[in-house]
Amino acid sequence: MVRSANPRLRFAPSPNGELHLGHALSALINHQQAQQLNGTLLLRIEDIDIGRTREHFIDQIYEDLSWLGLDWPQPVLRQSARLGAYRDAARRLDEMGLLYPCFATRKDIQLAAQAKAAAANQPIARDPDGAFLYPLLHKDLPPGEIERRKSAGEPFALRLDMERAIAAARQASPSWPPSFVERDEDGQINSVAVDPSRWGDAVIVRKDVPTSYHLAVVVDDEFQNITHVTRGADLAAATGIHRLLQILLGFTPPLYHHHRLVLDQDGNKLSKSGGAQSLTALRQAGHNADDISRLIGMT
Ligand code: GLU
């Protein structure tokens, strides 16, 4: 696959809350790298989470980033406008026999994960995000039951059959385990091996939207010809399943850079739900972009 020589980066916030200092760090590192590489920084709005997306958060993203001194080419890609592309990618995985329907609710999964752990006398298995590792509840539902539940209108997600996906990727890719190429702060290049199986039979198509974060992000990085993915170290484990999906879908892998995180006084990652002070609040309190750079150790 031929990729444009022009380096292309993206900052890809989810508009389900206000941006905080962690986002400022990510946006500014992306900006810095784009300048160093003489490339283009795109803004992508990752608004697939329809229940939590709010238009005013999108307006705030534009205002906060402009206040930080950033600009970006138009039009801005919104993932909510790309559902057809995600459906197509999911259909390809399905046609390869790598997806299966799962009707289980969160509660069903929790109970099954607890029962499995208790039976094995082990702690509950979790994925890198800390969610219960899917206990394969609906992996082998009889076709008749699948049809019956679908006809009854029961909502279902589509999950990746991780075992089969790995087998298919091993056939498609000459080297295993897969790796990604990490470009560190000094521009040094390292190859980092990943283990997608840590995600188990992950959701690829959610019940409420025809995609998931993992699918949408790899489809859009390919679609937008992204050459450099620069994002927080909290997403480094996700790169494992992203590499797997890229191999399966025949996508060109970008170079990755997983940057440090902004931590609070207790050493925890800042989060919208954890009440981190927002960029909008800092802006309204009279701070300027230089103050922000100082607060996140960029100057
Ligand atoms: N939308 C994701 C977030 O706000 C970032 C996705 C990415 O950079 O891959 O956490």
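Our structure's up above, just so we're on the same page.
All of these numbers come straight from a predicted model, not from anything done at the bench.

Chemist: Honestly, the environment of Asp-264 in this entry has me stumped. Any pointers?
Modeler: For Asp-264, the location among the structural elements is in the loop between strand E10 (255–259) and helix H9 (279–284). The class of Asp-264 is partly exposed, set by a relative accessible area of 27%. With 12 residues separating them along the chain, Asp-264 and Ala-276 place their C-alpha atoms 8.2 Å apart.

Chemist: Hey, could you run me through the nonpolar core in this one?
Modeler: The nonpolar side chains of a soluble globular protein tend to be buried with one another. In this structure, Leu-93, Leu-160, Ile-204 and Leu-215 are the most contacted members of the largest nonpolar core, which totals 30 residues. Among the elements of the structure, helix H3 (83–95), strand E5 (157–160), helix H6 (162–172), strand E8 (203–205), helix H7 (213–223) and helix H8 (238–249) are those that each provide at least two residues to this core. No other element matches the seven residues that H8 contributes to this core. Every residue in contact with Leu-93, bar those within four places of it in the chain, is listed here: Leu-98, Leu-99, Ile-204, Leu-215, Leu-245, Leu-248 and Leu-249.

Chemist: Would you explain the pattern of salt bridges in this entry?
Modeler: Should the charged atoms of two oppositely charged side chains come close, the side chains can pair. Under the criterion given, the structure shown has 20 salt bridges. Arg-149 is the salt-bridge partner of Glu-154, the closest N and O atoms lying 3.0 Å from each other. Judged by its relative accessible area of 15%, Arg-149 falls in the buried class. Look at the salt bridges and you will find they share partners, linking Arg-10, Arg-44, Glu-46 and Asp-221 into a network.

Chemist: What is the right way to look at the site of the ligand in this model?
Modeler: Around the ligand, the neighbouring residues are Arg-10, Ala-12, Pro-13, Ser-14, Glu-46, Tyr-213, Val-217, Arg-231 and Leu-235. Between the ligand and Arg-10 there is a distance of 2.9 Å, counted from an oxygen atom to a side-chain nitrogen or oxygen. Between Tyr-213 and the ligand, the recorded distance is 2.9 Å, taken from a side-chain N or O atom to an oxygen atom. Protein coverage of the free-state accessible area of the ligand, which is 300 Å², stands at 79%. Among the residues forming the shell around the ligand, the class breakdown is five nonpolar, one polar and three charged.

Chemist: So what exactly am I meant to see when it comes to unusual backbone geometry here?
Modeler: Glycine aside, a negative phi is what most residues show, and trans is what most peptide bonds show. A cis amide bond links Gln-74 to the next residue, Pro-75, at an omega of -5 degrees. Tracing the chain through its elements places Pro-75 in the loop between helix H2 (55–67) and strand E3 (77–78). Residue Pro-177 is reached from Trp-176 by a cis peptide bond, and omega for that bond is 0 degrees. One can find Pro-177 in the loop between H6 and strand E6 (179–183). Positioned with a positive phi, Asn-38 is a non-glycine residue whose angle comes to about 60 degrees. Tracing the backbone shows Asn-38 in the loop between helix H1 (21–37) and strand E2 (40–45).

Chemist: Got a minute to help me understand the packing of aromatic side chains in this structure?
Modeler: The description of an aromatic ring pair rests on the distance of the ring centres and on the angle between the ring planes. Counted under the stated rule, the structure contains three aromatic pairs. Residues Tyr-62 and Trp-72 carry aromatic rings whose centres are separated by 6.0 Å and whose planes lie at 25 degrees to one another, so their mutual orientation is stacked. Note that Tyr-62 is positioned in helix H2 and Trp-72 in the loop between H2 and E3, a separation of 10 residues in sequence. Residue classification places Tyr-62 among the partly exposed positions, given a relative accessible area of 27%. In this structure Trp-72 comes out as buried when scored by relative accessible area, which is 16%. Summarising the aromatic geometry, the rings of Phe-103 and Phe-156 are spaced 5.5 Å apart at their centres and angled 55 degrees between planes, so their arrangement reads as tilted. Residue Phe-103 is found in the loop between strand E4 (99–102) and helix H4 (106–120), and its partner Phe-156 is found in the loop between helix H5 (143–151) and E5; the two are separated by 53 residues along the sequence. With relative accessibility at 28%, the residue Phe-156 sits in the partly exposed group. Cation over ring: Arg-82 sits above Phe-223, and NZ or CZ is 3.7 Å from the ring centre.

Chemist: Where do I start with H4 in this structure?
Modeler: Residues three or four positions apart in an α-helix share a direction because the helix packs 3.6 residues into each turn. Compared with an ideal rise of 1.5 Å per residue, which puts 15 residues at 21 Å, H4 spans 21 Å between its outermost C-alpha atoms and is within 8% of the ideal. The set of residues buried in H4 consists of Ile-109, Ala-112, Ala-113 and Ala-117. The buried residues of H4 occupy an angular sector of 130 degrees when projected down its axis, which confines them to one face. Exposed residues lying more than 90 degrees from the buried face of H4 are Ala-118 and Ala-119. On its buried face, H4 sits against E5.

Chemist: Got a minute to help me understand the packing of H6 against H8 in this structure?
Modeler: Describing two packed helices takes the angle between their axes plus the distance from one axis to the other. One can describe the packing of H6 onto H8 by two numbers: an axis separation of 9 Å at closest approach and a directional angle of 60 degrees. The angle between H6 and H8 falls in the class oblique. By crossing handedness, the relation of H6 to H8 is classed as left-handed. Contacts between H6 and H8 pair Met-162, Ala-165, Ile-166, Ala-168, Ala-169 and Ala-172 from the former with Ile-241, Leu-244, Ile-247 and Leu-248 from the latter.

Procedures and definitions
- For every chain, the first residue of its written sequence is number 1, and the numbers climb from 1 along that sequence.
- This being a predicted model, a pLDDT of at least 70 is required before a residue's local features are given, and a value of 80 or more before pairs of side-chain atoms are given or counted; all residues contribute to the totals for chains, interfaces and linings.
- Hydrogen atoms and water are omitted, and side-chain values are computed over all heavy atoms in the structure.
- Here a helix means four or more residues in a row that DSSP labels H or I, a strand means two or more in a row labelled E, and each is numbered from the N terminus.
- Using a 1.4 Å probe on the protein chains alone, a residue whose accessible area is under 20% of its type maximum counts as buried, one over 50% counts as exposed, and one in between counts as partly exposed.
- We define the nonpolar core as a collection of buried residues of types Ala, Val, Leu, Ile, Met, Phe, Trp, Tyr and Cys that are connected through side-chain atoms lying within 4.5 Å of one another.
- Throughout, a residue-residue contact means that at least one pair of heavy atoms, one from each residue, lies within 4.5 Å.
- Salt-bridge detection follows one rule: a side-chain nitrogen of Lys or Arg within 4 Å of a carboxyl oxygen of Asp or Glu.
- Throughout, near means a residue has at least one heavy atom within 4 Å of the molecule or strand.
- Polar contact is defined as a pair of N or O atoms within 3.5 Å, subject to the rule that within protein one atom must be able to donate a hydrogen and the other to accept it, and that residues adjacent in sequence are counted only when both atoms are side-chain atoms.
- Here the accessible surface of atoms and residues is derived via Shrake-Rupley with a 1.4 Å probe, and residues count as covered only by protein chains that are part of the display.
- All residues other than Ala, Val, Leu, Ile, Met, Phe, Trp, Tyr, Cys, Pro, Asp, Glu, Lys and Arg, Gly among them, are scored as polar; the first ten of these are nonpolar and the last four charged.
- Any Phe, Tyr or Trp ring, taking Trp's six-membered ring, that has another such ring centre within 6.5 Å forms a pair; planes under 30 degrees apart are called stacked, those over 60 apart edge-to-face, and the others tilted.
- Whether a charge sits over a ring depends on NZ of Lys or CZ of Arg being within 6 Å of the ring centre and within 35 degrees of the ring normal.
- Here the expected length of a helix is defined as 1.5 Å per residue gap, with one fewer gap than residues.
- What the arc measures is the spread of directions leading from the helix axis to the C-beta atoms.
- Axis lines are fitted to C-alpha atoms, over the contacting stretch for helices. Their N-to-C directions set the angle, which ranges from 0 to 180 degrees.
- Roughly parallel means an angle under 35 degrees; roughly antiparallel, over 145; roughly perpendicular, 65 to 115; everything else is oblique.
- It is the rotation of the near helix from the far one that decides the hand of a crossing: anticlockwise by less than a right angle makes it left-handed, clockwise makes it right-handed.

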